[in-house]
Amino acid sequence: MARGAWHMHEEEGVLILARRWPARFDLVVETRLPPVTRRGRLAHQVRQDVWRALRDLRGFSPCVSVRTEDGGTVLRAGGQLDAAAPGALAARRIAAVLEDPGNRARWLRWSR
């Protein structure tokens, strides 16, 4: 299913949001959040913040996956990387977005 130019697909309890389909996670960072009810809203918010942090990374297309596990939410953010880029630096930038307390609080407000 596409929303605008974004593909949102849910299978076996995992929601995936990606610009290109099939989604490809060449670069990925994972974090855990408390339970949420609106996983699509969470995915879009995270995708926006990851894109803002990495928009200068040539050939990058963000992807986000969200699943419920053990009473919480497992969030994977990253994406497709079509050009040579410093993967470790990009992963650190994604991790900084995912672990920022302000981002996490905003995401939880929007997705409950």
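Numbering of residues starts from 1 in every chain and runs along the sequence as written. Selection of residues for local features in this predicted model requires a pLDDT of at least 70, selection of side-chain atom pairs for listing and counting requires 80 or more, and totals for whole chains, interfaces and linings are taken over all residues. Think of the side-chain values as coming from all heavy atoms in the structure, minus any hydrogens and water.

> I'd like a description of the environment of Ala-23, backed by residues and values.
Think of it this way: any DSSP run of H or I at least four residues long counts as a helix, any run of E at least two long counts as a strand, and we number them from the N terminus. By the element assignment, Ala-23 lies in the loop between β3 (14-18) and β4 (27-33). Linking Ala-23 and Gly-71, residues 48 residues apart in sequence, is a C-alpha distance of 26 Å.

> Could you give me a rundown of the nonpolar core, with the residues and numbers involved?
Counting residues in each nonpolar core, the largest one holds 26 residues, and the members touching the most others are Leu-42, Val-46, Val-50, Leu-75, Ile-94, Leu-98 and Trp-107. No other element matches helix α1 (residues 39-54), which puts five residues into this core. Non-local contacts of Val-46, meaning those with residues more than four positions away in its chain, are made with Val-64, Leu-75, Ala-77, Leu-98 and Trp-107. Remark: nonpolar core denotes a set of buried residues (Ala, Val, Leu, Ile, Met, Phe, Trp, Tyr, Cys) joined through side-chain atoms within 4.5 Å. A simple rule labels every residue: compare its accessible area, found with a 1.4 Å probe on the protein chains alone, to the largest value its type can have, and call it buried under 20%, exposed over 50%, or partly exposed in between. Any two residues having at least one pair of non-hydrogen atoms within 4.5 Å are treated as being in contact.

> Give a detailed account of the packing of aromatic side chains, specifying residues and quantitative values.
Aromatic rings from Phe, Tyr and Trp, with only the six-membered ring used for Trp, were paired whenever their centres fell within 6.5 Å, and each pair was classed as stacked if the ring planes differed by under 30 degrees, edge-to-face if by over 60, and tilted otherwise. According to the stated counting rule, one finds zero aromatic pairs in the structure shown. For a lysine, the NZ atom is tested; for an arginine, the CZ atom; a charge sits over a ring if that atom is within 6 Å of the ring centre and within 35 degrees of the ring normal. Taking NZ or CZ as reference, Arg-76 lies 4.7 Å from the ring centre of Phe-25, over its face.

> I'd love a proper account of helix α3 (residues 101-111), names of residues and values included.
Turning to α3, its buried residues are Asn-103, Arg-104, Trp-107, Leu-108 and Ser-111. Taken around the axis of α3, the buried residues stretch over an arc of 130 degrees, which confines them to a single face. Exposed side of α3, more than 90 degrees from the buried face: Pro-101 and Arg-109 are the residues found there. Each polar contact in these results corresponds to two N or O atoms within 3.5 Å; when the atoms are within protein, one needs to be able to donate a hydrogen and the other to accept it, and residues that are neighboring in sequence are counted only if both atoms are side-chain atoms. Measuring from the backbone nitrogen of Gly-102 back to the side-chain oxygen at the start of α3 gives 3.0 Å, which picks out Asp-100 as the cap. Working note: the arc is built from the helix axis to C-beta atom directions.

> So what's going on with the pattern of salt bridges? Residues and values would help.
What makes a salt bridge here is a side-chain nitrogen of Lys or Arg within 4 Å of a carboxyl oxygen of Asp or Glu, nothing more. Inspection of the entire model under this criterion finds nine salt bridges. Linking Arg-76 and Glu-30 is a salt bridge whose minimum nitrogen-to-oxygen distance equals 3.9 Å. Taken together, the positions of Arg-76 in strand β6 (residues 72-81) and Glu-30 in strand β4 put the pair 46 residues apart, joining distant regions of the chain. Exposure remark for Arg-76: the relative accessible area of 25% places this residue in the partly exposed category. According to the relative accessible area criterion, Glu-30 is partly exposed, its value standing at 47%. Each of Arg-32, Arg-67 and Glu-69 takes part in salt bridges that share partners, so that together they form one network.

> Which residues make up the side chain of Gln-80, and what values do they have?
Relative to the helices and strands, Gln-80 resides in strand β6. Gln-80 gets classed as buried once you look at its relative accessible area, which sits at 8%. In contact with Gln-80, not counting residues within four places along its chain, are Arg-20, Arg-24, Asp-26, Gly-59, Phe-60, Ser-61 and Cys-63.

> Summarise unusual backbone geometry; cite the residues concerned and give the values.
Between Trp-21 and the following residue, Pro-22, the backbone shows a cis peptide bond with an omega angle of 5 degrees. Within the secondary structure layout, Pro-22 lies in the loop between β3 and β4. Even without a glycine there, the phi angle at Asp-70 is positive, about 50 degrees. Its relative accessible area of 72% is what places Asp-70 among the exposed residues.

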